[in-house]
Each structure stands twice: as C-alpha cells, then as structure tokens.
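Architecture and fold: a report
Take a look at the letters that make up each chain.
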Amino acid sequence: MSDTALHSPPGPIRSHDWGSASARKRVKRRYMHDRILQWVGLGSIGTGVVLLLILLSSLVSTGLPAFQTTKVALDLFIDPSLVSREDPGKGNFRKITRDAFAKYFPDVTSRSDKRQLYKIMSSGAPFNVRKHILKNPELIGQNISYAVPLSDPYDQLHKGVIPRQIEALSRGQQQLGEQLKQRRLLSLEDGKTAANLTIFINPELVNAEDPAGGDFAPMLAEAIRAIFPRASPTITRDILAPDAADTVKQTVVEAPALIGKTLQLKVPVSQNFDNLFRTGEAMIDNPRFGDPKVFAWYDSLAERNLLQSNFSIELFTNADSRFPEQAGLLGAIAGSFFSLVVCFLLSFVAGIAAAIYLEEFAPKNKFTDLIEVNINNLAAVPSVVFGLLGLAVFLGTFGMPRSSPLVGGMVLSLMTLPTIIIATRAALQAVPPSIREAALGVGASRHQVITHHVLPLAMPGILTGTIIGLAQALGETAPLLLIGMNAFIPSIESIGILEPATALPTQIFSWADSPERGFVSRTSAAILILLGFLFIMNATAIYLRQKFERRW
Amino acid sequence: MADVTPSTSKKKSGKAKPAPKGKAKAPEAKTNGNSTDATGLRTKTDRPLTSSRQDLALDQSTKISSSDVCVFYGDKQALFDVNVDILSNHVTALIGPSGCGKSTYLRCLNRMNDVIDIARVTGNIIVDGIDIYDPDVDVVELRARVGMVFQKPNPFPKSIYENIAYGPRIHGLASSKSDMDEIVENSLKRAGLWKEVHDRLHEPGTGLSGGQQQRLCIARAIAISPSVILMDEPCSALDPIATAIVEELIEELRQNYTIVIVTHSMQQAARVSQRTAYFHLGYLVEYGETDQIFQAPKDERTQNYITGRIG
C-alpha cells in the first residue's frame, strides 16, 4: 500500500437502503436457508426414527413367538421297572415318554406311522422328563401329568409362523403358466385344464409298425421348448401331467398317418398347473411335515385341549440346544455376564488409573503425546484385531482356557479401555480448575485434591463413559468369535469363569446361522433380550449421572 | 539456586528494561529512609540483609520477605526482580493494570504457581524465616500456613459445614466432633457468616449468595489457622454491598492475620490497606505506605495509574 493511501482519510459513510428490493430478496433468501436447514435436520431425524421403528417392529413381530412354547400335556407313568430308584438318571425315559404319547393315539400301530407320530413331540422331551424326575425322585412309581414341548415344526405351526399348506409352484413356474394363459394355449376340457400344443410326430422316435412303442415324451419337450425356448428342460415335467405322453400316444395309435406330421393336440397339464388355472392358486401340504396324516393327529391333540402355549421360561433357563424348542439363552447370558464383570474390573481400574496419571501427573512431553495419540488410535482399531491379539497372546502364548469368559472379558477390556480412558480424561478436564485451586489453597495434597474433589465431581462422566464402553463390549461379536466364544454349550452345569461359554452376540450369530425355522424367531428374541440389557445399562448410566451430578 | 539465579535474572531484566528498575529503586530507598517504622524496613537493594535468616528472626514484624523474585511462563518472563517485604498484621494491597504480574506475585507466596507446568520461579521468598522455595519445604504445610481466597467464590460442592471442616480434617486439626464443630463455628463467626448460616450448616455451600460464598471461602481459609491470607481480587465478582461487608471483614481479620490482597479497585486498596505495591509490566514500580502511594507517588507511572491515565 502506498504511503498516500495509508494516510488518506476514510471514504464517506455509505448509506444502505434496507427497504430496497435486493435487500428484501436477501432477507427472504436468509429465511429460506434457515427453513431448509431445519427441514434437512427434521428429515434426517424422521428417517432415523422410521427406520428404527421398522427395525424394532420387525424384531418384535419375528421374535415374540419365541417367548411362547407350545407343549403337550402327557400322563406319564414313571415305571419303576424302567427307572430304578437307585440310579434314576439311567432310566429309559424315552420309552416312558413315547408310551405316554402313543396312548393318545391307540389306532396308530404301524412302525412307520409311529415314527411319524413321535416326531410331533420334541426330541428332547425324554430329557425334560428325566430332568424333572431327577429333581423329584419321589415321583418314581407314580402317575404324573407333565407337559413336554412340541417339536419345532409343530410349535411353529401352532403359533401360525409356518402354514399348513404352501404354494406348490415357484414364482417362475407361475409366470410360465401366466404366459400360457396369455397366449391362449390353455382350455378347459371335461373340467380339466388342457394345453393346446403343436407337436411334431418325429418319425425317428416312433415306428409306423408299432406306434404304441414310440417315445413320445421328447416330442412334448420339443413342443414346450418351442413355446419357451430359454426355459430349463425340466419345465415339461412341471407343466404337463404325467399322462400327457399317453394322450399323444393314443392319438398316434388311432391315426398312424400322423407320423412325420405336425398336429395340434390338447394334452392335460399337471395337477398344480390345473389348480392354478382353475382356482387361481396351487397349494400343497407343507412338505416340512412329511405325511399328511400328521395334520390329523395334530388336530386331534388340539381338539382334546392337550396343547398349551405358555410363556417360555425355558428361553432364559435352558442352555443352547440343537432343537430350537429346547434352546435357551442361560449359557449366553451367563457368559456375557462373566465377560462383562472381568471386562469391568480390568478396564475400570486400569482405565481410571491411566487417565488420572495422564491428566494429573504426566509431564507434557513427546512421550506422553505419543501415548495419547495411541490411546485415541486404539479406540478406532477394529475389534476383530483385538480378537486376533487375544487369540495370539492370551490363548497362544499364555495358554489360557479357550472359549472362557475370562479371556473374553480380557479381550473386551482391551477394546473398552481406550473408551474409558478418553471418557475419564474428558470428565477430569471438565472439573472446573477453581475447585482444584480451592482444594490446593486449603493445603490439600495432590492425591487429596484428586480423590476428595476431582474424582467425585468427574464420577458421573466416568461412569457414563464406562457404561457406554461396557455396552459396546456387550454387543461385540468379532473378538469373541476369534477366541472361540461361539462354542456350542448344551449344558448349564458348566457355567463358570474358566469354563467354555458363549455370549449373547455370538449366540445370536450362531442361531442366525441355523436352518431350523424356530431359530429365526429365537434369533430375534435373543436380539430383543440383548437390546433389553443394553437399554437397562444405558438407563443405569443416565440414572447414575443424574444421581451423582452436583452443581458447582 | 538462590545464589545463582538472582544474578542471571538481574542480567536479563537489566538488558530488557533497565530504566524501570532504577526508577523503582530510588523512591523505595527514600521511603524507607524517611520511614519512622520501628521495624526498620530494609531497602530492596540490600540483598544480604533480606536473604539472611538470622536477620529475619530478629525482625519480628516482617512476615514475608521476597528478593529478586522472577517468574517465567515458558520463555516469557512475567515478573522481574520483585523485592517486597510484607509486614505482619498489615493489609498489603497489590495494584496495577491487567497483566502487570500482581496475581503472579501473589501466587508465588504460597507456591500456587507450582501447579502450572510451564511456570518457573527464581529468587528468594522467605516466610517466617523459611525459604519457601527450598526443596525441603512441604508445599502442603506452606499452603496451610499461607491461606488463599480466590477471585471467584469457589466453595466445594458440599455442605457449608463440610466446606469449613475439610481443611482442618485433612490436616488433623480437630481431635473430636465437638472440636470440629467449634472450629467451624469460630471460623464462620470470624468470617461474619455465622449469623446467616448457623441454622443451615448442612445445606450446600453453592446455594449461598455470591458475597456469602466469598465469606465462606474466607472462613474456609482461616479454619486451618494460617498466619497469612492471600486474596486475589476477592471482591471483583461481588456487588457493592457484599464488597463492603468483605472489606470490613478484612479490616477485622488484620488483627490476627497478615493479609495480601490483589485488587483492581484503587479505592478499595486505599480503604483496606496500610501498604501498597504498584506493579507495572512485571516490575514492582513503587512500594510504600498506602497514604503515601496515593497522595504523593514518587514514580510517574504510579501517578499516571492512580489518576486514571493508564491502566
């Protein structure tokens, strides 16, 4: 800037017309921008809430049935000849249970029918009875009434989760049928649906001397392929009735002159397609149940009021099982609990100690800066990496027990520690310096300042951070998978900090992987229970924060 | 440390700003020469006298003696060679424009600067014959003997009773519950707060009004029987009525305690103090009887400040 510009007087005061059109436009635009910002925020929140509601409602609607078990009441005679009083554990409870169930169906006698019949009961039913008798040995020799769970398909049938009948045709097959209809290739003949096909009677496949011995099925396949050139070869069997070839054969036998010619012929379609055209839908009995007879047996149980649907306490008191109706979460809840206790003890003590040192005592130098950066980085490390570390160090080097909650808790605490350290440091920083000065001013030493004044004031923040860290740990799956906490533990006797165990998220993971229909709702139920625990923990955090919060 | 640092700091300050130092010395020497004070206040330049413990022991009325006190915040020097003798049972006011180092000096007297990582103090500060920057000195005990009241009332977020009882408890001053009750009552009475709070001792101290909170802090400071009370602008957050009450209280407390008060209000300094020190840009410019400082300042900068031309 030149010297004259530096010393020249300021320019005249400019007037601004606040009422001009451009000014009004600017005001309008400003208001519009404010509103847009508001709408964007509202929209995001609304979307979030809607998605959350969808998630929750889907979880609840899928998971709710798992909180009920369908049971059948049995009149059991605990035969002393089958169950000895000395060693009731070795008794033949299978026979007792099956006999009691068979009593309801005296007319079912054949072996194969009986096998079908017993499938209505849970395969674990004899074990339920055994457990009941072991708990009450005085029942041996008596008639007792005891309800055992139904097996999974019947349980699901009772709850209406799976239907009795399902659609016989796949979506693709139904589309084929739709196309046939649109091309007017279908007609009703004597109450049966027939397909109007153009068939070439191939002389290579049928002999004029012996028309009855010809191979007519390939000709039909050829005719179908002419209509649907790109469909799979199996559709001929899907669309046409098994006797369609016979219809062609009959026609050719009656008029051998047709050999080598092309003719229009109405051939019968398959049962399912027939149903589809005449009634609009083709249903078959759900193949999951095997023989259709089972529905009659199931219905008769229902008619006799032998089926009862109760709150499934087993979901909370049973260990895992191969059978969905028997599978419970006790092992997973206990495993999660022990892991969290270990995680809490390790990370709370170490986290607060580390945070206090870094915040109150550590000199500010490159080394402490490095530590600080690394703690912040640790918080962002993917949890699966901690799992690998646990696998290599805790299991590999130190040889600690595999799948145990102790190791699980240690791995989780690696993950929680940075969260707690960061939260604690933030809470310590938030304590006003005036309180420290006041304490120092009356001659409190460093540890007195910290333990008497700073920590109590920081405690709400520390607890909130800790509980949020623990809630994260509760939901963590990947590190637990790596140290083997997705084990299948069907026994509740082996619950302990060093025993193999599983945890809630890993249980959800393995249930979600299981093909049985009952595990679908159990998975959702387990997720609901996990969410319930998380909700309780976060509510506790809020409660503690409000309880310990003091104003200054 | 005491042998080496003063000379280096002197060198530094001498290079940085030689003029103020010379000016600061001259009037003080005169003041002391003219002083009729029976205690025979030593001149600030007379280093050997102030740093000698024997002399201090003889001189009963000098409570705190500081010589060549320099404070550094990192590389920045905040105080340059401050030499002040603070007399027993006097109220000494430290005045000066913002950032002149008066609070920094005050915080040196009970080593509150220790908590600031980058702060470094050189020179000698002798309280009751003991060099408080000696490595053997227990900081906790020092702070118990040199109490402090802060600019903003900062009661602990605890009950009124607990606020007072905390200090005596950690120092083991009370042998029993009734003993503690007595300490609390006496402290509150001395701080003129007893009448207002005696029926609600177990309510939170933070629920009191600002003026009451500050008196609670004063009561908390005197509960551990200090001999010196440092006050860092104790009335700056208070209204005029509360200020008047606290000022009256300071006058009463002078009977038993030595008080050093930092204030921004020259009227307040004139009202409550017997001696005044004027700081400017880290230098002690002038120190003497309050009446003399306000009526016949020797230094031009003091004159400018008290007449409102700077600061």
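This one's a predicted model, so the numbers in the text were calculated from it and none came from an experiment.

**Regarding the overall build of chain B**
Check the secondary structure of chain B and you find 14 helices and ten strands. In chain B, buried positions account for 58% of the 311 residues. Pairs at least 24 apart in sequence give 66% of the contacts found in chain B among residues at least 6 apart. For chain B, the accessible area works out to roughly 12,900 Å², and carbon and sulfur atoms hold 52% of it.

**As for the overall build of chain A**
Within chain A, the secondary structure is distributed over 22 helices and eight strands. Computed over the C-alpha atoms, the radius of gyration of chain A is 37 Å, more than 25% above the 24 Å expected from 2.2 N^0.38 for a compact globule of 552 residues. Counting every position in chain A, which comprises 552 residues, the buried fraction comes to 43%. Each charge sign in chain A was given a centre, from 52 positive and 46 negative side chains, and these centres are 9 Å apart.

**Considerations on the interface of chain B and chain A**
The interface is formed by 21 residues belonging to chain B together with 19 residues belonging to chain A. Roughly 1,700 Å² of surface becomes buried between chain B and chain A when both sides are summed, with 63% attributable to carbon and sulfur atoms. Three residues stand out in chain B for area buried against chain A, namely B:Phe156, B:Pro157 and B:Tyr166, and they jointly supply 30% of the buried area on that side. At the boundary of chain B with chain A, the tally comes to one salt bridge. Of the charged contacts in the structure, one is a salt bridge between A:Glu437 and B:Arg107, with a shortest N-O distance of 2.9 Å. Elements with a minimum of two residues in the side of chain B that touches chain A: α6 (139–145), β6 (146–149) and α7 (160–170) of chain B. The biggest single contributor to the side of chain B that touches chain A is α6(B), with three residues. Class assignment for the residues of the side of chain B that touches chain A results in twelve nonpolar, four polar and five charged.

**Comments concerning the packing of aromatic side chains**
Residue and element names in this part refer to chain A. Applying the stated criterion across every chain, the model contains 16 aromatic pairs over all chains. Centre to centre, the rings of phenylalanine 311 and phenylalanine 316 are 6.2 Å apart; their planes meet at 25°, and the pair counts as stacked. Here phenylalanine 311 falls in the partly exposed class, since its relative accessible area comes to 49%. For phenylalanine 316, a relative accessible area of 27% gives the class partly exposed. Through pairs of rings, three or more aromatic residues link up here, namely Phe101, Tyr104, Phe105 and Trp297. Over the aromatic face of phenylalanine 105 sits the side chain of arginine 304, whose NZ or CZ is 5.2 Å from the ring centroid.

**Details of the domain arrangement of chain A**
Here chain A is partitioned into domain 1 (68–163), domain 2 (181–285) and domain 3 (325–548). Of note, the centres of domain 1 of chain A and domain 2 of chain A, computed from C-alpha atoms alone, are 51 Å apart.

**Side note on empty space enclosed by the protein**
All names here are of chain A. Taken as a whole, this structure holds three cavities of 30 Å³ or more when the rule is applied. In this structure, the largest cavity occupies an estimated 90 Å³ of space. Sort the elements by how many residues they give to the lining of the largest cavity and helix α14 (residues 330–361) lands first, with four residues. Of the residues contributing to the lining of the largest cavity, the split by class is nine nonpolar, six polar and no charged. Its volume calculated, the second largest cavity comes out at about 50 Å³. Looking at the lining of the second largest cavity element by element, the count peaks at three residues for helix α15 (residues 366–378). Of the residues belonging to the lining of the second largest cavity, the class tally is three nonpolar, one polar and four charged.

**Concerning unusual backbone geometry**
Residues and elements named next belong to chain B. Its identity as a non-glycine residue notwithstanding, asparagine 89 has a phi of 55°, on the positive side. Mapped onto the secondary structure, asparagine 89 falls in the loop between β2 (76–87) and β3 (91–95). Its identity as a non-glycine residue notwithstanding, arginine 111 has a phi of 55°, on the positive side. With respect to the helices, strands and loops of the structure, arginine 111 is situated in the loop between α5 (102–108) and β4 (119–127). Judged by its relative accessible area of 12%, arginine 111 falls in the buried class.

**Overview of the sheet that holds strand β8 (residues 307–311) of chain A**
Residue and element names in this part refer to chain A. Pairing is antiparallel across the open sheet formed by three strands, whose spatial order is β2-β1-β8. Only two strands of the sheet have a single neighbouring strand rather than two, namely β2 (143–149) and β8. The average angle at which neighbouring strand axes cross in this sheet is 40°, direction not considered. With seven bridges joining them, strand β1 (residues 68–77) and β2 adopt antiparallel strand pairing.

**What about a nonpolar patch on the surface?**
The grouping of A:Met32, A:Ile36, A:Trp39, A:Val40 and A:Leu42 at the surface amounts to a nonpolar patch, some 520 Å² of accessible area in total. Overall, A:Leu42 belongs to the exposed group, its relative accessible area being 55%.

**A word on helix α21 (residues 504–512) of chain A**
Within α21(A) the residues assigned to the buried category are A:Leu504, A:Pro505, A:Thr506, A:Gln507, A:Ile508 and A:Trp511. Considering only its buried residues, α21(A) is in contact with α14, α19 (446–474), α20 (478–482) and α22 (517–548) of chain A.

**Examining the packing of helix α16 (residues 383–397) of chain A against helix α17 (residues 405–430) of chain A**
All names here are of chain A. One way to put it is that α16 packs onto α17 with a least axis distance of 9 Å and a crossing angle of 135°. Considering their axes alone, α16 and α17 lie oblique with respect to each other. In this structure, α16 crosses over α17, and the sense of that crossing is right-handed. Contacts between α16 and α17 involve Ser383, Phe386, Gly387, Leu389, Gly390, Phe394 and Leu395 on the former and, on the latter, Val407, Met410, Val411, Leu414 and Met415. Its residues assigned to classes, the contact of α16 with α17 shows nine nonpolar, three polar and no charged.

**Thoughts on the pairing of strand β4 (residues 186–189) of chain A**
All names here are of chain A. The sheet contact formed by β4 and strand β5 (residues 192–200) spans four bridges and is antiparallel. Its bridge partner being in β5, serine 187 is matched across the sheet by alanine 194. Between the antiparallel neighbours β4 and β5 lie two residues, among them aspartate 190 with a positive phi of about 55°.

**Brief notes about the sheet that holds β5(A)**
Residue and element names in this part refer to chain A. Taken together, three strands build an open sheet; the order of strands is β4-β5-β6 and the sheet is antiparallel. With partners counted over all chains shown, the strands left at the sheet margins are β4 and β6 (262–268), one partner each. Across the sheet, the axes of successive neighbouring strands diverge by a mean angle of 40°, strand direction being ignored. Where β5 meets β6, seven bridges bridge the pair, whose relative direction is antiparallel. The residue of β6 that forms the bridge with threonine 198 is glutamine 264. Each of β5 and β6 touches helix α10 (residues 244–254); the most contacted strand, β6, lies at about 135° to it.

**Here's the deal with the pattern of salt bridges**
Side-chain pairs of opposite charge can arise whenever the charged atoms involved come near each other. Residue and element names in this part refer to chain B. The final tally for this structure, using the stated rule, is 24 salt bridges over all chains. A salt bridge links aspartate 181 to lysine 177, with the shortest nitrogen-to-oxygen separation between them at 3.0 Å. One end of the pair, aspartate 181, and the other, lysine 177, are both in helix α8 (residues 177–190), four residues apart, so they sit about a helical turn from each other. Take aspartate 181: its relative accessible area is 30%, and that puts it in the partly exposed class. Exposure remark for lysine 177: the relative accessible area of 56% places this residue in the exposed category. Overlapping salt bridges bring together Lys63, Asp128, Glu141 and Arg145 as one network.

What counts, and where the lines are drawn
- Counting starts from 1 at the beginning of each chain's written sequence and moves along it residue by residue.
- Working convention: letters from A go to chains and numbers from 1 go to ligands, in the order in which they are written.
- Reporting in this predicted model follows two pLDDT cut-offs: at least 70 for local features of residues, and 80 or more for side-chain atom pairs to be given and counted; totals over whole chains, interfaces and linings ignore these cut-offs and use all residues.
- Heavy atoms from the whole structure form the basis of all side-chain values; hydrogens and water molecules are not counted.
- Elements are defined by DSSP. Helices are runs of H or I of four residues or more, strands are runs of E of two residues or more, and each kind is numbered from the N terminus.
- Three exposure classes are used, based on accessible area relative to the maximum for each residue type with a 1.4 Å probe and protein chains only: buried under 20%, partly exposed in between, and exposed over 50%.
- What makes two residues a contact is simply this: any of their non-hydrogen atoms within 4.5 Å.
- Only the protein chains shown count as cover for residues, and the accessible areas themselves come from Shrake-Rupley with a 1.4 Å probe.
- Only C-alpha atoms enter the radius of gyration; for comparison, a globular chain is expected to reach 2.2 Å times N to the power 0.38, where N is the number of residues.
- When charges are counted, Lys and Arg contribute as positive and Asp and Glu as negative, whereas His and the chain ends are disregarded.
- Taken as the charge location is NZ of Lys, CZ of Arg, CG of Asp or CD of Glu.
- The term buried area refers to how much accessible surface (probe radius 1.4 Å) is lost by two components on association, counted for both of them together.
- In what follows, salt bridge is the name for a side-chain nitrogen of Lys or Arg lying within 4 Å of a carboxyl oxygen of Asp or Glu.
- Amino acids outside the nonpolar list (Ala, Val, Leu, Ile, Met, Phe, Trp, Tyr, Cys, Pro) and the charged list (Asp, Glu, Lys, Arg) are all regarded as polar, and Gly is one of them.
- Each Phe, Tyr or Trp ring (for Trp, its six-membered ring) is paired with any other whose centre lies within 6.5 Å, and the angle between the two planes then decides the class: stacked below 30 degrees, edge-to-face above 60, tilted in between.
- Lysine and arginine charges are scored as sitting over a ring when NZ or CZ, respectively, is within 6 Å of the ring centre and within 35 degrees of the ring normal.
- The split of the chain into domains comes from an automatic or database domain assignment.
- The pocket and cavity definitions rest on a 1 Å grid over protein atoms only: a 1.4 Å probe that fits but cannot leave marks a cavity, an open set with protein on both sides within 12 Å along at least five of seven lines marks a pocket, and residues lining either have an atom within 4 Å of a point.
- Grid points are joined across faces, edges and corners, and a volume is the space filled by probe spheres set on the points.
- Between any two strands, at least two bridges found by DSSP are needed for them to pair.
- Axes, fitted as lines to C-alpha atoms, cover a helix only where it is in contact. Angles between the N-to-C directions of the axes lie from 0 to 180 degrees.
- Excluding any residue in a salt bridge, patches collect residues exceeding 30% relative accessible area, merging like charges within 9 Å and nonpolar Val, Leu, Ile, Met, Phe, Trp and Tyr side chains within 5 Å.
- Throughout this description, any angle smaller than 35 degrees is read as roughly parallel, any larger than 145 degrees as roughly antiparallel, any in the 65 to 115 degree range as roughly perpendicular, and the remainder as oblique.
- Handedness of a helix crossing follows the sense of rotation of the near helix relative to the far helix, less than a right angle counterclockwise being left-handed and clockwise being right-handed.

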